[in-house]
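One-letter residues, chain by chain:
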Amino acid sequence: MQLIKHASSANIFSGNNMRKQMTYKMLRTWMIGSLCIIFSISGCASFNPAVEEAPQQDIILAMRVKAKLIETKELKAAAIHVKAANGLVVISGFVETESQRQLAASVAQQVPNVKQVNNQIKVK
């Protein structure tokens, strides 16, 4: 009779232990899921498309200006650097003559969406 009692109490204990493990796993899964949701929501709240678009537009504008400078055979465009921010284009670098310096500014000014050109190119 005692063997049966010990065997049945061992089953009860192991069943109780399994319940605790299941409860722990469910609690852990719920906490991880909650944290994922919180981080997802907070990440979306800080995303501002207007902030992301401005630098991309500036990069595209700088690339268009650089492409026009490269197309201009009278210039050595590899020696001219271009930066853009909100329609303001800064060109810098070195050219051989003053006429090349002026030509670079003129070419940059003709690119669509360029509002102003800051010519910092130096003549060698």
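Look up: the structure comes first, before these words.
Described below are features of the structure shown in this document.

What counts, and at which threshold
- Residues numbered from 1 in each chain as written.
- Predicted model: local features only at pLDDT ≥ 70, side-chain atom pairs only at ≥ 80, totals over all residues.
- Heavy atoms only, no water.
- Helix = DSSP H or I, 4+ residues; strand = E, 2+ residues; numbered from the N terminus.
- Buried < 20%, exposed > 50% of the residue type's maximum accessible area, 1.4 Å probe, protein only.
- Contact = heavy atoms within 4.5 Å.
- Pairing = 2+ DSSP bridges.
- Axes fitted to C-alpha atoms, helices over the stretch in contact; angles between N-to-C directions.
- Salt bridge = Lys/Arg side-chain N within 4 Å of Asp/Glu carboxyl O.

### Digging into the environment of Ile 121
Position of Ile 121 among the secondary structure elements: in strand 3 (residues 116-123). On the accessibility criterion, Ile 121 (4% relative accessible area) is buried. On a C-alpha basis, the gap between Ile 121 and Gln 102 in space is 9.0 Å, while along the polypeptide they are 19 residues apart. Not counting residues within four places of it along the chain, the set of residues in contact with Ile 121 comprises Ile 80, Ile 91, Ser 92, Gly 93, Phe 94, Val 95, Arg 101 and Ala 104.

### Here's the deal with the sheet that holds strand 1 (residues 80-85)
If you trace the three strands from one edge of the open sheet to the other, you get 1-2-3, paired in mixed fashion. Edge positions in the sheet fall to strand 1 and strand 3, since each has one partner strand and no second. Each strand axis lies, on average, 10° off the axis of its neighbour in the sheet, ignoring direction. Two elements, strand 1 and strand 2 (residues 88-95), share six bridges in a ladder whose sense is antiparallel. Bridge assignment links Ile 80 to a residue of strand 2, and that residue is Gly 93. Sheet contacts for helix 3 (residues 98-109): strand 1, strand 2 and strand 3; angle to strand 3, the most-contacted strand, approximately 160°.

### Examining the pattern of salt bridges
The full count for this structure, using the stated rule, is three salt bridges. The partner of Glu 96 in a salt bridge is Lys 124, and the shortest N-O contact between them spans 3.7 Å. Separated by 28 residues along the polypeptide, Glu 96 in the loop between strand 2 and helix 3 and Lys 124 in the segment after strand 3 bring together distant segments of the chain. A residue is classified by how much of its surface remains accessible, and Glu 96, at 42% relative accessible area, is partly exposed.

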